[in-house]
Amino acid sequence: MFAGENELKGDPRLPAINKSIRVFPNYPKPGIMFQDITTLLLDHKAFKGTVDIFVERYRDMDISVVAGVEARGFFFGPSIALAIGAKFVPLRKPKKLPGEVISEDYELEYGTDRLEMHVGAVKPGERSVVIDDFVATGGTLSAAKRLLERVGAEVVECACVVGLTEPEEDRRRLDDTPLYILVGPTLDERCF
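Residues numbered from 1 in each chain as written. Predicted model: local features only at pLDDT ≥ 70, side-chain atom pairs only at ≥ 80, totals over all residues. Heavy atoms only, no water.

A. Representation of the nonpolar core within the structure. The biggest cluster of nonpolar side chains holds 31 residues, and the ones touching the most others in it are Ile 17, Tyr 58, Val 66, Ile 80, Tyr 180 and Leu 182. Of all elements in the fold, only helix H1 (13-19), helix H3 (44-58), helix H4 (73-84), strand S7 (127-135), strand S8 (154-163) and strand S9 (179-183) reach the threshold of two or more residues within this core. With six residues, the top contributor of residues to this core is H3. The contact partners of Ile 80, leaving out residues within four places of it in the chain, are Val 51, Phe 54, Val 55, Val 66 and Ile 131. Within the second largest apolar cluster, 26 residues are counted, among which are Ala 67, Leu 91, Leu 108 and Val 130. (Core = buried A, V, L, I, M, F, W, Y, C linked by side-chain atoms within 4.5 Å. Buried < 20%, exposed > 50% of the residue type's maximum accessible area, 1.4 Å probe, protein only. Helix = DSSP H or I, 4+ residues; strand = E, 2+ residues; numbered from the N terminus. Contact = heavy atoms within 4.5 Å.)

B. Region of the structure containing the packing of aromatic side chains. A full pass over the atoms with the stated rule returns six aromatic pairs. Between Tyr 27 and Phe 34, the aromatic rings sit 5.2 Å apart at their centres with planes inclined by 85°, giving edge-to-face as the arrangement. Under the relative-accessibility criterion, Tyr 27 is labelled partly exposed at 46%. Aromatic side chains Phe 74 and Phe 88 sit 5.8 Å apart centroid to centroid with 90° between the ring planes, which places their arrangement in the edge-to-face category. (Phe/Tyr/Trp six-rings, centres within 6.5 Å; stacked < 30°, edge-to-face > 60°.)

C. Fine view of the pattern of salt bridges. For the structure on display, the rule yields 16 salt bridges. In this structure, the salt-bridge partner of Asp 52 is Lys 48, at a minimum N-O distance of 2.6 Å. Taken together, the positions of Asp 52 and Lys 48, both in helix H3 and four residues apart, correspond to about one turn of that helix. Connected through salt bridges with shared partners, the residues Glu 7, Arg 57 and Glu 157 form a single ionic network. (Salt bridge = Lys/Arg side-chain N within 4 Å of Asp/Glu carboxyl O.)

Here is the structure:
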């Protein structure tokens, strides 16, 4: 679900978040409209609004794990975890974590990749939420969800700052795990 369609309809933080995101056409390859959230990080009010919305949503959901997808999920995940009293678990690209890991392969809209997590980072039965910056096809979130479920975690929801497609379409790829998206893609004159 898009945040602005329900409980946050009319919330001034959402347009501020959307306005702070810039777009690079044809990056990293032709046909991709890259949503650059690094400019959101430069706007302290939009950045705080982003984290606050996620914190408000997850504060009372008994979440014990916030799993952030490398790399931009790391911008939001630790702050959310601290604020709701959960641990942060990084889901990394291959060969970035020392020690024993488990991994999950997935397809991107422009290739393939893999996520890895430390063995023992998440315990069976822990309630988790997956955080990333952007969802296009749901492939990365689906891999993150499978990785957490393989160790017995309950994935309560997946969440992104920006969503390219309708959440209900991506939810099918996530086996009916709810998908929460703050804003749709920026597709206007702010392209670089």
